[in-house]
Amino acid sequence: MQPRRILITGVGSFLGTELARRLESDPEFEYIAGLDDRPPQARLERTDFIEADIRSPLIGKLIPQARVDMVVHNKIVRRPGPGMSERSAHDINVIGSLQLLAACEKTETLRAIVVRGSAGVYGAEPSAPQFYTEEMARLYPLRSRFQRDVAEIENYFDTFSRRHPQVVCTMLRYQPSIGPSLDSQITRYLSQPAVPTYLGFDPRLQFVHEQDAVDALVAAIKNPVRGPVNVAAPGTIGLTRLVRLAGKPTLPLVPGLFGTVTDAGRRFGMHSISADFRRLLRYGRGIDITRLVEEVGYTPRFSTVDAVEDYVRTQRGRRLIPVLREAVAG
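Everything quoted here is computed from the prediction, not taken from an experiment.

Taken as a whole, helix α7 (residues 239–246) has its buried residues at Leu 239, Leu 242, Val 243 and Ala 246. Viewed end-on, α7 has its buried residues packed into an arc of 90 degrees, placing them on one side of the element.

Written out as structure tokens, the structure is:
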């Protein structure tokens, strides 16, 4: 087998760094490059770090020079972080993807692109199917900026794939990730002293464990398939059970006041909740992972309930350590 050369965008994120670390230990990959405007979160031994903003036309020169046969696009902003505006997130998602595709067009050695997209493209609807399959992405209107961004990104890569049939484009539609190493909307939501919920609603939620999130990406890199592929843990969990497992009291709110109260609560230590996540907390979402299992060849190790329980066990351990230190000191 010919040695592989791969470039990862968003290598400064947890998943990007972990993916690079995983590929470094695989002799199949002779060259690994990581592109981002922030450094990896851990020391990497043989990853060539390319410091660049994905929105910059400069990557149109840098990526072809790397002569990679695969690009992993891991630079899609789910939720703007501190100091980042929604406009900046939109530009990274849309303009960044366009700049990346322009660079890919100039990369003669390219044979595959794997995109870490989002199941948010399906939205969250009261009359949704129990589990969305990949062809159901256009069942309902696009209701938020992020949902429109994801749909636009998918359209760009689908168009690129049709124009360049020699390049296999895999669009991985991830459910929200949960795990002890992650700082995400769901982990921030569960870390609050009291968890806001919609009064009268107990939606089914589905996640993917952080380890499965990386492993599924590795599997898609090893066996890319054309088109969208859902990525999630098997099964779902009700919001009431999720909050009970996390050991948190709920703050039930009538739907008309949910946004007002949670926005005002930011002054008292509550985390902000995006429009997409609010709909998820009200209506839930489940996706079918048959294609991930049967075509990509990856079966997640953690069910949704297992993933939540693993996260909760770790958090309880972290809360226990300061108490034990205090007791020893006393």
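Strand order in the open sheet formed by 7 strands is β3-β2-β1-β4-β5-β6-β11, with parallel pairing between adjacent strands. Either end of the sheet is taken by a strand with one partner, and the two such strands are β3 (47–51) and β11 (227–231). Adjacent strand axes in the sheet meet at a mean angle of 20 degrees, parallel and antiparallel pairs treated alike. Sheet topology places strand β5 (residues 112–118) next to strand β6 (residues 168–174); 7 bridges connect them, and they run parallel. For Val 114, the partnering residue across the bridge sits in β6 and is Thr 170. Sheet contacts for helix α6 (residues 210–222): β1 (4–9), β2 (29–36), β4 (70–73), β5, β6 and β11; angle to β6, the most-contacted strand, approximately 165 degrees.

Enumeration over the complete set of coordinates arrives at 23 salt bridges. For the salt bridge of Arg 22 with Asp 215, the shortest nitrogen-to-oxygen distance reads 2.4 Å. Placement of Arg 22 in helix α1 (residues 14–24) and of Asp 215 in helix α6 is noted, with a sequence separation of 193 residues between them. What makes Asp 215 buried here is its relative accessible area of 13%. Arg 278 is the partner of Asp 263 in a salt bridge, and the nearest nitrogen-oxygen pair spans 2.7 Å. With Asp 263 in helix α8 (residues 255–264) and Arg 278 in helix α9 (residues 275–283), this pair connects stretches of sequence that are 15 residues apart. Salt bridges sharing common partners tie together Arg 4, Asp 26, Glu 28, Asp 69 and Lys 222.

Moving on, we come to the pairing of β5. Within β5, 7 of the 7 residues are buried, which leaves it mostly tucked inside the rest of the structure. A two-sided burial pattern is seen for β5, the buried positions comprising Ala 112, Val 114, Arg 116 and Ser 118 on one face and Ile 113, Val 115 and Gly 117 on the other. Here β4 pairs with β5 via 4 bridges, running parallel. Considered in β5, the bridge of Val 71 is made with Ile 113. Taken together, β4, helix α3 (residues 86–105) and β5 constitute a β-α-β crossover, and its handedness is right-handed. For the crossover from β5 across helix α4 (residues 145–163) to β6, the handedness is right-handed.

So, about the confidence of the model for the protein. Of all residues in the protein, 95% attain a pLDDT of 70 or more, and the chain-wide mean is 93. Of the regions scoring below 50 in pLDDT, residues 319–330 engages in 1 contact with residues more than four places distant in sequence or in other chains.

As a further point, take the packing of α1 against α6. Between α1 and α6, the shortest axis-to-axis distance is 10 Å and the interhelical angle comes to 55 degrees. The pairing of α1 with α6 is recorded here as oblique in orientation. Seen along the crossing, α1 lies across α6 with a hand that is right-handed. Across the interface between the two elements, Phe 14, Leu 15, Glu 18, Leu 19, Arg 22 and Leu 23 from α1 touch Glu 210, Ala 213, Val 214, Asp 215, Leu 217, Val 218 and Ile 221 from α6. Class assignment for the residues of the contact of α1 with α6 results in 9 nonpolar, no polar and 4 charged.

Calculation notes
Residues numbered from 1 in each chain as written. Predicted model: local features only at pLDDT ≥ 70, side-chain atom pairs only at ≥ 80, totals over all residues. Heavy atoms only, no water. Buried < 20%, exposed > 50% of the residue type's maximum accessible area, 1.4 Å probe, protein only. Helix = DSSP H or I, 4+ residues; strand = E, 2+ residues; numbered from the N terminus. Arc of directions from axis to C-beta. Pairing = 2+ DSSP bridges. Axes fitted to C-alpha atoms, helices over the stretch in contact; angles between N-to-C directions. Contact = heavy atoms within 4.5 Å. Salt bridge = Lys/Arg side-chain N within 4 Å of Asp/Glu carboxyl O. Right-handed = clockwise from strand over helix to strand, strands pointing away. pLDDT = per-residue confidence, 0-100. Parallel < 35°, antiparallel > 145°, perpendicular 65-115°, else oblique. Left-handed = near helix turned anticlockwise from the far one by under 90°. Nonpolar A, V, L, I, M, F, W, Y, C, P; charged D, E, K, R; others polar.

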